[in-house]
Amino acid sequence: MINLENIVVKFDKFTALKNINVHVNEGEFFTFLGPSGCGKTTTLRTITGFIEPFSGKVIMKGTDITHVPIEKRNIGIVFQSYALFPTMTVYQNIAFGLKIQKLKKDEIDAKVRDIARRVDLSDEQLEKAVSQLSGGQQQRVAIARALVTNPSIICLDEPLSNLDAKLRVQLRNELKKMQKDFGITSIYVTHDQEEALTLSDRIAVFNKGIIEQIGTPNEIYNHSKTEFVCNFIGDINRLSDALVDELIKEGEKLDPSWHHYIRLERVHVNSTQEGAHCFDGVVESMEYYGLYIKYTIKLKEQTFKVMERNDGSAPYSVGDNVKLSLHTKDFMSYAPSEGVENE
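The residue numbering used here restarts from 1 in each chain and proceeds along that chain's sequence as written. Confidence filtering applies because this is a predicted model: local features only for residues at pLDDT of at least 70, side-chain atom pairs given and counted only at 80 or more, and all residues used for totals across whole chains, interfaces and linings. For side-chain calculations, the full set of non-hydrogen atoms in the structure is used, while hydrogens and water are omitted.

Enquirer: Provide a residue-level description of the nonpolar core, including the pertinent values.
Expert: Within the largest apolar cluster, 36 residues are counted, with the highest numbers of intra-cluster contacts made by Val90, Ile94, Val112 and Val141. Broken down by secondary-structure element, the contributors of at least two residues to this core are α2 (90-100), α3 (105-118), α5 (135-147), β7 (153-157) and α6 (165-182). Secondary structure elements follow DSSP: runs of H or I of four or more residues count as helices, runs of E of two or more count as strands, with numbering from the N terminus. Tallying contributions element by element places α5 first for this core, with 6 residues. Throughout, nonpolar core names a set of buried Ala, Val, Leu, Ile, Met, Phe, Trp, Tyr and Cys residues whose side chains join them through atoms within 4.5 Å. Here the term buried applies to any residue with accessible area under 20% of the maximum for its type, exposed to any over 50%, and partly exposed to those in between, with areas from a 1.4 Å probe on protein chains only. Formed by 27 residues, the second largest nonpolar core is a distinct cluster that contains Ala16, Leu17, Ile51 and Phe206.

Enquirer: Summarise the packing of aromatic side chains; cite the residues concerned and give the values.
Expert: Between the rings of Phe, Tyr and Trp (Trp by its six-membered ring), a pair exists once the centres lie within 6.5 Å; its type follows the angle of the planes, with under 30 degrees stacked, over 60 edge-to-face, and the other angles tilted. For the structure shown, the criterion picks out 9 aromatic pairs. Taken together, a centroid distance of 6.1 Å and an interplanar angle of 70° make the contact between Phe50 and Phe79 edge-to-face. Within this pair, whereas Phe50 is found in the loop between α1 (40-48) and β4 (55-60), its partner Phe79 is found in the loop between β6 (75-78) and α2, the two being separated by 29 residues in sequence. Among the aromatic residues, those joined into a ring-pair cluster are Phe30, Phe32 and Phe206. When the ring centre of Phe54 is taken as origin, the NZ or CZ atom of Lys10, which lies over that ring, is 4.4 Å away. Remark: a charge is flagged as sitting over a ring if the NZ atom of Lys or the CZ atom of Arg is within 6 Å of the ring centre and within 35 degrees of the ring normal. Above the plane of the ring of Tyr221 lies Arg263, whose end atom (NZ or CZ) is 4.2 Å from the centre.

Enquirer: Talk me through the packing of α2 against α3; I want residue IDs and the actual numbers.
Expert: Every axis in this analysis is a line fitted to C-alpha atoms, fitted for helices over the stretch in contact. Angles between the N-to-C directions lie between 0 and 180 degrees. In contact at an axis separation of 10 Å, α2 and α3 are set at 130° when each is read in the N-to-C sense. Classified by the interaxial angle, the pair formed by α2 and α3 is oblique. α3 is crossed by α2, and the crossing has right-handed handedness. Residue-level inspection shows Tyr91, Ile94, Ala95, Leu98 and Lys99 of α2 in contact with α3, the latter providing Ile108, Asp109, Lys111, Val112, Arg113 and Ile115. Side-chain classes follow a simple rule in which Ala, Val, Leu, Ile, Met, Phe, Trp, Tyr, Cys and Pro form the nonpolar group, Asp, Glu, Lys and Arg form the charged group, and the remainder, Gly included, forms the polar group. The residue makeup of the contact of α2 with α3, split by class, is 7 nonpolar, no polar and 4 charged. Should an angle fall under 35 degrees it is called roughly parallel, over 145 degrees roughly antiparallel, and 65 to 115 degrees roughly perpendicular, with every other angle called oblique. A crossing counts as left-handed when the near helix is turned anticlockwise from the far one by less than a right angle, and as right-handed when that turn is clockwise. Here, residues are in contact when the closest pair of their heavy atoms is within 4.5 Å.

Enquirer: Would you mind going over empty space enclosed by the protein in detail, with residue names and values included?
Expert: In this analysis the probe radius is 1.4 Å and the grid spacing 1 Å, with only protein atoms considered; a cavity is a set of points the probe fits into but cannot get out of, a pocket is an open set with protein on both sides within 12 Å along at least five of seven lines, and lining residues have an atom within 4 Å of a point. Grid points are joined across faces, edges and corners, and a volume is the space filled by probe spheres set on the points. Counted under the stated rule, the structure contains 1 cavity of 30 Å³ or more. Its boundaries defined by the atoms lining it, the largest cavity holds a volume of some 80 Å³. Lining of the largest cavity is provided by Phe29, Ile143, Leu147, Ile154, Leu156, Leu175, Met178, Gln179, Phe182, Ile184 and Ser186. Broken down by secondary-structure element, the contributors of at least two residues to the lining of the largest cavity are α5, β7 and α6. The greatest single-element share of the lining of the largest cavity, amounting to 4 residues, is contributed by α6. The class makeup of the residues in the lining of the largest cavity is 9 nonpolar, 2 polar and no charged.

Structural data, given as structure tokens:
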């Protein structure tokens with residue numbers, strides 16, 4: 001559907017993107033994920049035409065669009081701020097692109113009302129000024145405006161970041177449903193790991209102008225290719241040198257010069273598994289989240305964070321003596337040169 005081939009973007013002497021290669025399949029929800037300043041929005045703006053690369057190609061449906069003007073790329077865009085026209089009604093905002101295309105009035109009306117229904121905007125809301133709408137409703141207007149011209153793909157630049165946490169969760173579910181209903185290829189930019197894991201078919205993890213890994217949410221989370229991805233995508237424990245030495249003494253073939261990690265939910269409290277290593281610990285703190293409980297547990301060798309599913313039984317209390325079990329099959333290990341230190 002869309003390919004980025006060896007994209008390099010420079011701003012004066014600063015190289016913002018270094019040989020970016022991405023293939024997005026038709027109908028896919030593909031996310032660019034990474035911290036601020038990593039290059040994800042620059043990549044999106046290169047696709048949409050706001051930035052022209054220093055070198056490399058942007059290919060859409062087999063056609064080189066690297067130097068094609070923005071308005072001729074047939075790409076819908078939803079900006080972080082939505083970029084709606086505050087003095088116009090919802091109807092006028094959605095119809096704007098169709099008027100630029102010089103469609104007939106009755107054709108514009110039919111398209112606007114059809115897309116409004118599909119994103120759950122009522123006829124009454126169409127006549128309101130966008131300033132009278134809630135943040136969630138404004139997001140729907142921005143999506144409707146992007147989709148009404150029937151683009152080949154839609155690009156969304158952190159469209160949920162201005163909303164409160166509860167609404168953000170609600171609307172990301174609606175956003176995924178809309179994307180499936182429309183079947184449109186979507187490229188989404190976010191710094192929110194949970195958002196990326198929830199929404200995406202595949203994810204590209206950016207770091208300092210390069211892509212560290214491309215994969216499904218499961219691959220990114222459970223089979224992180226680099227130490228940066230391992231640390232960035234969700235919470236994790238890094239094993240101390242002392243604990244690694246202890247495991248080596250117990251017969252495990254671990255390289256002591258490498259960095260070894262284990263996810264919080266892979267460490268178990270008072271639940272011995274076959275082949276697992278057990279260690280005595282003391283509960284230092286607990287955080288109650290309803291569906292799960294997060295514990296901080298002090299071992300002789302180090303402190304572990306543990307996430308236990310809430311089964312309704314009484315949680316462990318601060319000061320309780322417990323046994324932690326962990327299995328080396330759950331470790332993710334990296335040579336130090338592959339990534340960054342766990343901060």
